[in-house]
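# Coordinate inspection notes
What follows is the residue order along each chain.
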Amino acid sequence: MDNIERSIEKVSEFVGDRLCTRQSKTLVTGKLFITGGKGIIGYRVALRLLNSGYPSVRVGFRQPDDECAQELSKKGAEVADFCWTRESTYASALQGVKIVFCVTPYIEGWAKYFPAFLEACEKAGVQYFVKVSFYHSRRTTEPYHRVQLVSLHAKCDELLSRSAIPWTILSASHFMSNPLVMHHLLIANAFYHVCFKPTTHSQDKATASDQENPVVLYGSADGKNINYLIFCFISPNDIAEVAARVLLYSKPHMGKEYTLTGIRAISDDDVTSAISRHACRPVFYEDLPIQMFVDREKGGGEPHWKVRDLVGLEKIKATGLEEDLGFVSHDIEKICKREPETFDDYLEAKQNMTPMESWLVK
């Protein structure tokens, strides 16, 4: 990281401190609402808070009778009817809430719902708001900002930072769960009748026939050397631990934006090798020409807006940008007092996984 970037971070931290000092930079406690308990991050955060003994955790679900909802309810969570696309659910989900942990949904037009949700939080008297965002989303000069997913996060982050609610933003790089989740969705959308049956927490073991079907993960080097296919992945477990620490002790974190990355960048081949060591089925990697990558995603049922995002990120990955040591952040070490998890660490912690991840892990 160069001197200019360090200066920008110091200025941002100073401005955040000043904003939250004018509001209420004190420890916030009370009922805590998690926007999505079925998601990769929301589920983990809910578990950590409940296991820590936090007395009042409310978790939003589109389908309150969902298996994940029932599991969290048994552990002491209050399950609330909440759906981003149904603004009528906001007020009841936020009633009596003092702290919000927000993971936005990855659906078409998701960002248009955020202003209404933030306004509902202000009306409900929320005193602290923690949002998960994307790596350096508000740095408009970086190539990530050309990806719509990232630029939309930037707009939402700016809106939050100007709101009356004290806030913390967790800007994370690529989730280690992404290859598992994306392939799960691909199969579920197009090929489930051939080689996959959706799993549940109680029934997530592959059948003998499943084990005979290899899993092919793929990406696109965009015409460059395949060795440039490098991402700096972060474990969802690390994001959840940072989130839980920030939510449980808000005071020193208000007005701050943390950048969360893994300890180093790794190639798609290395990711495939790591998954292979822990998988219940053979796993291979295939590099595709960019148009074939697009066709594969569309053929798997992905909508055009999502394919556009994925292609943009693949092209950035192919530049090798994330291999630079300046990409790596040390915020996890500062907050958790340990190094980030490796891909093997993530895959070994199957007990933390949602069904969208655990289907391939033995």
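Values in this document were obtained by computation on a predicted structure and should not be read as measured data.

Once that is clear, we can look at the pattern of salt bridges. Oppositely charged side chains are able to pair whenever their charged atoms sit close together. One pass over the full model with this rule turns up 20 salt bridges. A salt bridge links lysine 38 to aspartate 66, with the nearest nitrogen and oxygen atoms 2.8 Å apart. Of this pair, lysine 38 sits in the loop between strand 1 (31-34) and helix 2 (40-51) while aspartate 66 is found in the loop between strand 2 (57-61) and helix 3 (67-74), placing the two residues 28 residues apart along the sequence. A salt bridge links arginine 338 to aspartate 238; the shortest N-O distance between them is 2.7 Å. Note that arginine 338 is positioned in the loop between helix 13 (331-336) and helix 14 (343-348) and aspartate 238 in helix 9 (residues 236-248), a separation of 100 residues in sequence. Through salt bridges with shared partners, one network takes in Arg138, Glu158, Arg162 and Glu257.

Turning our attention to the packing of helix 5 (residues 114-124) against helix 6 (residues 148-161). Running from N to C, helix 5 and helix 6 point in directions that differ by 20°, and their axes come no closer than 10 Å. Of the possible angle classes, the one that applies to helix 5 and helix 6 is roughly parallel. For the pair helix 5 and helix 6, the sense of crossing is right-handed. Within the contact between the two elements, helix 5 uses Phe114, Pro115 and Leu118 and helix 6 uses Cys156, Leu159 and Leu160. Per-class residue counts for the contact of helix 5 with helix 6 are six nonpolar, no polar and no charged.

Burial within strand 4 (residues 97-102) is extensive, with five of its six residues counted as buried. Sheet topology note: the strand 1/strand 4 ladder contains four bridges and is parallel. For isoleucine 34, the partnering residue across the bridge sits in strand 4 and is phenylalanine 101. Looking at chain direction, strand 4 and strand 5 (residues 128-134) are connected through four bridges and run parallel. Looking at the pairing, valine 100 lines up with phenylalanine 129 of strand 5. As for the winding sense of the linkage, the β-α-β connection from strand 4 through helix 5 to strand 5 is right-handed.

Here we come to a nonpolar patch on the surface. Together, Leu27, Leu248 and Tyr249 line one region of the surface with nonpolar side chains, adding up to about 280 Å² of accessible area. Within the element layout of this structure, leucine 27 appears in the loop between helix 1 (3-23) and strand 1.

Across the sheet, which stays open at both edges, the seven strands sit in the order 3-2-1-4-5-6-11 with parallel pairing between neighbours. Each edge of the open sheet is held by one strand with a lone partner, namely strand 3 (78-81) and strand 11 (256-260). Between one strand and the next, the sheet's axes are offset by a mean angle of 20°, whatever the strand orientation. Direction of pairing for strand 6 (residues 167-172) relative to strand 11: parallel, over a ladder of five bridges.

If you look at the biggest cluster of nonpolar residues, it comprises 56 residues, and the most contacted ones within it are Val100, Phe117, Phe129, Ile275, Phe343 and Leu347. Ignoring any residue separated from it by four or fewer positions in sequence, one finds valine 100 in contact with Phe33, Thr35, Leu94, Phe117, Cys121, Val126, Tyr128, Phe129, Val130 and Leu247. Residues Ile34, Ala69, Tyr128 and Ile332 belong to the second largest nonpolar core, which totals 42 residues.

Looking now at the packing of aromatic side chains. The tally for this structure, following the rule as stated, stands at 18 aromatic pairs. With a centroid separation of 5.5 Å and an interplanar angle of 85°, the aromatic rings of tyrosine 90 and phenylalanine 117 are classed as edge-to-face. Of this pair, tyrosine 90 sits in helix 4 (residues 90-94) while phenylalanine 117 sits in helix 5, and the two are 27 residues apart along the sequence. A residue is classified by how much of its surface remains accessible, and tyrosine 90, at 2% relative accessible area, is buried. Geometry around tyrosine 218 places arginine 296 over its ring, the cationic atom sitting 4.7 Å from the centre.

Below, the discussion takes up the environment of alanine 120. Along the chain, alanine 120 turns up in helix 5. Judged by relative accessible area, which is 15%, alanine 120 ranks as buried. For alanine 120 and glutamate 87, which are 33 residues apart along the polypeptide, the C-alpha to C-alpha distance reads 9.1 Å. Not counting residues within four places of it along the chain, the set of residues in contact with alanine 120 comprises Tyr90 and Leu94.

Listed as buried for helix 11 (residues 290-299) are Phe293, Val294 and Glu297. Seen from one end, helix 11 has its buried residues packed into an arc of 100°, which puts them on one side. Positive backbone phi, approximately 95°, marks glycine 301, located one or two places after helix 11.

Among the secondary structure elements, arginine 58 is positioned in strand 2. Take arginine 58: its relative accessible area is 6%, and that puts it in the buried class. Along the chain, arginine 58 and glutamate 78 lie 20 residues apart, while their C-alpha atoms are 4.5 Å from each other. With sequence-adjacent residues up to four places away left out, arginine 58 is seen in contact with Lys31, Leu32, Phe33, Ile34, Glu78, Ala80, Ser92, Ala93, Leu94, Gln95 and Val97.

Scoring rules and cut-offs
- Residues numbered from 1 in each chain as written.
- Predicted model: local features only at pLDDT ≥ 70, side-chain atom pairs only at ≥ 80, totals over all residues.
- Heavy atoms only, no water.
- Salt bridge = Lys/Arg side-chain N within 4 Å of Asp/Glu carboxyl O.
- Helix = DSSP H or I, 4+ residues; strand = E, 2+ residues; numbered from the N terminus.
- Axes fitted to C-alpha atoms, helices over the stretch in contact; angles between N-to-C directions.
- Parallel < 35°, antiparallel > 145°, perpendicular 65-115°, else oblique.
- Left-handed = near helix turned anticlockwise from the far one by under 90°.
- Contact = heavy atoms within 4.5 Å.
- Nonpolar A, V, L, I, M, F, W, Y, C, P; charged D, E, K, R; others polar.
- Buried < 20%, exposed > 50% of the residue type's maximum accessible area, 1.4 Å probe, protein only.
- Pairing = 2+ DSSP bridges.
- Right-handed = clockwise from strand over helix to strand, strands pointing away.
- Patch = residues over 30% accessible without salt bridge, like charges linked within 9 Å, V, L, I, M, F, W, Y side chains within 5 Å.
- Areas by Shrake-Rupley, 256 points an atom, 1.4 Å probe, with all protein chains shown as cover.
- Core = buried A, V, L, I, M, F, W, Y, C linked by side-chain atoms within 4.5 Å.
- Phe/Tyr/Trp six-rings, centres within 6.5 Å; stacked < 30°, edge-to-face > 60°.
- Lys NZ or Arg CZ within 6 Å of the ring centre and 35° of its normal.
- Arc of directions from axis to C-beta.

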